[in-house]
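# Working through the structure, step by step
Residues per chain, in single letters:
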Amino acid sequence: KNKTNNVSLEVMAEKDRFLRMEVSGTLGVSVASFLMKDTEVSYAIHTQKRFIYGPASEKALSPLQNVSVDPRWLYNVFFDLPISEKNWTCQSSVEKVVESCSRLQDGMKIVWSERQGERKRVTISGAKFELQILVKGFRPKVQSPEKAFSLNAPDGYKRYKLQ
């Protein structure tokens with residue numbers, strides 16, 4: 001639809017176990033809270049007062065961003081890991097740092113670029129969309145992980161289970 005949306009993400013993660021994102025829009029307005037524990041996701045879309053939960057899959061984020069992106073790929077994005085799923089082919093640099101991964105059957109591609117220390121740009125693209133994630137830095141230790149890695153449906157939110 002030729003639309004562009006800019007959001008800020010605050011991400012906390014423990015490789016292959018937990019990934020928490022707070023999504024905010026223009027002027028810091030809270031848009032969504034997202035949690036992935038192992039292979040289960042839950043997220044609250046604050047602007048719509050909806051809470052969605054279920055298994056992580058390529059369809060899991062569709063209610064949030066209307067694109068087919070498997071949230072489990074975010075572990076790969078943030079931890080600089082090649083995607084090891086069937087049908088994916090990844091390329092690494094001479095320094096053995098992942099540079100790109102692609103899936104030929106549908107043209108899905110993930111590219112890591114503009115690396116400077118902690119900073120990097122990661123572009124996830126498919127036939128009908130492009131997501132760019134600009135990582136500006138990270139903290140190696142999550143404070144209060146028991147709070148950071150839990151997410152419950154807020155009062156008044158309608159609950160939806162992913163299939």
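Residues numbered from 1 in each chain as written. Predicted model: local features only at pLDDT ≥ 70, side-chain atom pairs only at ≥ 80, totals over all residues. Heavy atoms only, no water.

## A word on a nonpolar patch on the surface
Judged by side-chain polarity, V7, L9 and V11 come together as a nonpolar surface patch covering roughly 210 Å² of accessible area. Within the element layout of this structure, V7 appears in the segment before β1 (8–14). (Patch = residues over 30% accessible without salt bridge, like charges linked within 9 Å, V, L, I, M, F, W, Y side chains within 5 Å. Areas by Shrake-Rupley, 256 points an atom, 1.4 Å probe, with all protein chains shown as cover. Salt bridge = Lys/Arg side-chain N within 4 Å of Asp/Glu carboxyl O. Helix = DSSP H or I, 4+ residues; strand = E, 2+ residues; numbered from the N terminus.)

## Observations concerning the sheet that holds strand β5 (residues 50–55)
Either a parallel or an antiparallel arrangement is found when strands of a sheet pair, and the pairing is made through backbone hydrogen bonds. Spatially, β1-β2-β3-β4-β5-β11 is the arrangement adopted by the six strands of the open sheet, whose pairing is mixed. Each end of this open sheet is capped by a strand with a single partner; those strands are β1 and β11 (158–161). Geometrically, the sheet is characterised by an average inter-axis angle of 10° between neighbouring strands, direction not taken into account. (Pairing = 2+ DSSP bridges. Axes fitted to C-alpha atoms, helices over the stretch in contact; angles between N-to-C directions.)

## Observations regarding the nonpolar core
In this structure, L19, F34, I110 and I124 are the most contacted members of the largest nonpolar core, which totals 31 residues. Of all elements in the fold, only β2 (18–24), β3 (30–37), β4 (40–45), α2 (73–79), β7 (98–103), β8 (108–116), β9 (119–126) and β10 (129–135) reach the threshold of two or more residues within this core. Per-element accounting of this core gives the leading share, five residues, to α2. Leaving out residues up to four positions away in the same chain, I124 has contacts with V69, V77, M108, K109, I110, F129, E130, L131 and I133. Counting residues in each nonpolar core, the second largest holds eight residues, with F18, A44, A148 and L151 among its members. (Core = buried A, V, L, I, M, F, W, Y, C linked by side-chain atoms within 4.5 Å. Buried < 20%, exposed > 50% of the residue type's maximum accessible area, 1.4 Å probe, protein only. Contact = heavy atoms within 4.5 Å.)

## Brief notes about the packing of aromatic side chains
Two aromatic rings are characterised by how far apart their centres lie and by the angle between their planes. One pass over the full model with this rule turns up four aromatic pairs. Where F18 meets F149, the ring centres are 4.7 Å apart and the plane angle is 10°; that geometry is what we call stacked. You can see F18 sitting in strand β2 and its partner F149 sitting in the loop between α3 (145–148) and β11, a full 131 residues away along the chain. Accessibility classification places F18 together with F149 in one group, the buried group. (Phe/Tyr/Trp six-rings, centres within 6.5 Å; stacked < 30°, edge-to-face > 60°.)

## Points about the confidence of the model for the protein chain
Summing up the model confidence of the protein chain, the mean pLDDT is 89 and the portion of residues at 70 or higher is 96%. For the protein chain, α3 is the element with the lowest average pLDDT, namely 76, and β7 is the one with the highest, namely 97. (pLDDT = per-residue confidence, 0-100.)

## With respect to the sheet that holds β10
With antiparallel pairing, the five strands of this open sheet are ordered in space as β6-β7-β8-β9-β10. At either margin of the open sheet sits one strand with a lone partner, and together these are β6 (88–92) and β10. When strand polarity is set aside, the average angle formed by the axes of neighbouring strands in this sheet is 15°. When β8 meets β9, the two strands line up antiparallel, connected through six bridges. When the sheet's bridge partners are listed, S113 is paired in β9 with R121.

## Points about the pattern of salt bridges
This structure, assessed with the given rule, holds eight salt bridges. When salt bridges that share partners are traced, they join E58, R103 and D106 into one network.

## Re the state of the cysteines
One covalent bond between the sulfur atoms of two cysteine residues makes up a disulfide. Evaluation of the coordinates by the stated rule reveals one disulfide. A sulfur-sulfur separation of 2.1 Å characterises the disulfide bridge that pairs C90 with C101. Judged by the sign of its S-S torsion, about 110°, the bond between C90 and C101 is right-handed. You can see C90 sitting in strand β6 and its partner C101 sitting in strand β7, a full 11 residues away along the chain. Taking the relative accessible area as the measure of exposure, C90 reaches 25% and is therefore partly exposed. On the accessibility criterion, C101 (0% relative accessible area) is buried. (Disulfide = S-S within 2.5 Å.)

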